[in-house]
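# Topology and contacts: notes
Listed here are the chains, written in short residue letters.
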Amino acid sequence: QVQLVEFGGGLVQPGGSLRLSCAAPVSISGITAMGWYRQAPGKQRELVASITRGGNPNYNDSVKGRFTISGDNAKNTVYLQMNSLKPEDTAVYYCNAEVLISRGPRHDYWGPGTQVTVSS
């Protein structure tokens, strides 16, 4: 199964920063948006941030002002700069790529997940 490639997870102290990156293989074409979801223990998967090919971002309210998402369409790559990290940000982060086929349904591709742990 085709997966997205993720980098940048790790352990960081509260108030610190991490930068996540995600690249979609060339075999995945027609990507209309990419972003990051996360799932913490005992909680549902939730959107962290996403960005469309046109550069329109969407953020979870809990990360607004702290996280910044950006993309490089030529590389099928997205970046998530995470600043002022809190223990509540601890989760497995999954990269997502959205593909909308003309006259067809939405299809999502996923990365394997990368652990982000915010702890002193």
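In what follows, the accompanying structure is described. Here the residue numbering is sequential within each chain, running from 1 through the sequence in written order. Local features in a predicted model are, by the rule used here, given only for residues with pLDDT of at least 70; side-chain atom pairs are given and counted only at 80 or more, and totals for whole chains, interfaces and linings are based on all residues. To obtain the side-chain values, all non-hydrogen atoms of the structure were included, while hydrogens and water were left out.

### Considerations on the sheet that holds strand S3 (residues 18–23)
With antiparallel pairing, four strands are arranged side by side in an open sheet as S1-S3-S8-S7. Unpaired on one side and paired on the other, strand S1 (5–7) and strand S7 (67–72) mark the two borders of the sheet. Here the strands of the sheet are splayed against their neighbours by 15° on average, with no regard to which way each runs. In the sheet, S3 pairs with strand S8 (residues 77–82) via six bridges, with the strands oriented antiparallel. Along S8, the bridge assignment pairs serine 21 with tyrosine 79. In this description, strands pair whenever DSSP reports at least two bridges between them. Helix numbering and strand numbering both begin at the N terminus, where a helix is a DSSP run of H or I of at least 4 residues and a strand a DSSP run of E of at least 2. Think of each axis as a best-fit line through the C-alpha atoms, taken over the contacting stretch in the case of a helix, with angles from 0 to 180 degrees between the N-to-C directions.

### A word on the side chain of aspartate 89
Secondary-structure assignment places aspartate 89 in the loop between S8 and strand S9 (91–100). Only protein chains enter the accessibility calculation, which uses a 1.4 Å probe. A residue is then buried if its area is under 20% of the maximum for its type, exposed if over 50%, and partly exposed in between. Residue classification places aspartate 89 among the buried residues on the basis of a relative accessible area of 2%. At 2.8 Å, the side chain of aspartate 89 and the side chain of arginine 66 are in polar contact. Side-chain atoms alone can form a polar contact between residues adjacent in sequence; in general such a contact is a pair of N or O atoms within 3.5 Å, and within protein one must be able to donate a hydrogen while the other accepts it.

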